[in-house]
Amino acid sequence: MAHLQPIGWSATSVAEPTADRYTEVLAELAAALVLWRRAEQPSPTGSGRSRNALACTCACGRRIRVARSVLEQAPILCGGCAQPFEPEDDQAG
């Protein structure tokens, strides 16, 4: 172990004899993990961004993204202009 600022004694390494002893086991674990990993699917929109949140703006032009269900609970007010954030026109439906 080595001391690593600012988090303390957490920098670790594996001694060469130990790494050699567990090489085969680690290879088996790596193969098993790959077999069970869920395939990452591309975004249906192609942008890689989630479309679950609404893009909203306030009167002074600040923007936020928020879930529709959260926005429906109560208005979210801008700290700059004190006006509510509203969904952008193309997403209001």
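I will try to describe carefully the structure that is included in this document. (Residues numbered from 1 in each chain as written. Predicted model: local features only at pLDDT ≥ 70, side-chain atom pairs only at ≥ 80, totals over all residues. Heavy atoms only, no water.)

### As for the overall build of the chain
Just so we agree on the cut-off: Put simply, DSSP marks the helices as runs of H or I at least four residues long and the strands as runs of E at least two long, and each gets a number from the N terminus on. For this analysis, residues touch if any pair of their heavy atoms sits within 4.5 Å. Note on areas: these come from Shrake-Rupley sampling with a 1.4 Å probe, and a residue is covered only by the protein chains present in the view.
For the chain, the helix and strand inventory stands at three helices and five strands. Helices (α) and strands (β) of the chain occur, in sequence order from the N terminus, as β-β-α-α-β-β-α-β. When contacts within the chain are restricted to residue pairs at least 6 apart in sequence, long-range pairs at least 24 apart make up 28% of them. Working note: accessible area of the chain is about 7,900 Å², and carbon and sulfur atoms make up 56% of it.

### Examining the sheet that holds strand β4 (residues 63-67)
Stated precisely, the cut-off is as follows: Strand pairing follows a simple DSSP-based rule, namely that at least 2 bridges must link the two strands.
If you walk across this open sheet you meet the three strands as β4-β3-β5, and the pairing is antiparallel. With one partner strand each, in any of the chains shown, β4 and β5 (86-87) form the two edges of the open sheet. As defined by bridge partners, strand β3 (residues 53-57) adjoins β4 across five bridges and the pair is classed as antiparallel. If you follow Thr57 over to β4, its bridge partner there is Arg63.

### Observations concerning the nonpolar core
Heads up, the rule is: The nonpolar core is taken to be a set of buried Ala, Val, Leu, Ile, Met, Phe, Trp, Tyr and Cys residues, with the residues joined through side-chain atoms within 4.5 Å. Only protein chains enter the accessibility calculation, which uses a 1.4 Å probe; a residue is then buried when its area is under 20% of its type maximum, exposed when over 50%, and partly exposed in between.
Formed by Leu54, Cys56, Cys58, Val66, Leu71, Cys78 and Phe85, the largest nonpolar core amounts to seven residues. With residues near it in sequence (within four places) discarded, Cys56 still touches Arg62, Arg63, Ile64, Val66, Leu71, Phe85, Glu86, Pro87 and Glu88.

### Some remarks on the pattern of salt bridges
How we decide: Between Lys or Arg on one side and Asp or Glu on the other, a salt bridge is scored when a side-chain nitrogen of the former is within 4 Å of a carboxyl oxygen of the latter.
Scanning all chains against the criterion turns up one salt bridge. The salt bridge involving Glu88 is made with Arg63; its shortest N-O contact spans 2.8 Å. Of the two residues, Glu88 is situated in the segment after β5 and Arg63 in strand β4; the sequence distance between them amounts to 25 residues.

### Observations regarding the environment of Asp89
Looking at the element boundaries, Asp89 is found in the segment after β5. Each C-alpha atom of the pair Asp89 and Thr57 lies 9.9 Å from the other, and the pair is 32 residues apart in sequence.

### Thoughts on a nonpolar patch on the surface
To be explicit about the condition: Patch definition: residues with relative accessible area over 30% and no salt bridge; like charges joined within 9 Å; nonpolar side chains (Val, Leu, Ile, Met, Phe, Trp, Tyr) joined within 5 Å.
On the surface, Tyr22, Val25, Leu26 and Leu29 cluster together to form a nonpolar patch covering roughly 370 Å² of accessible area. Within the secondary structure layout, Tyr22 lies in the loop between α1 (16-21) and α2 (23-36). For Tyr22, a relative accessible area of 41% corresponds to the partly exposed category.

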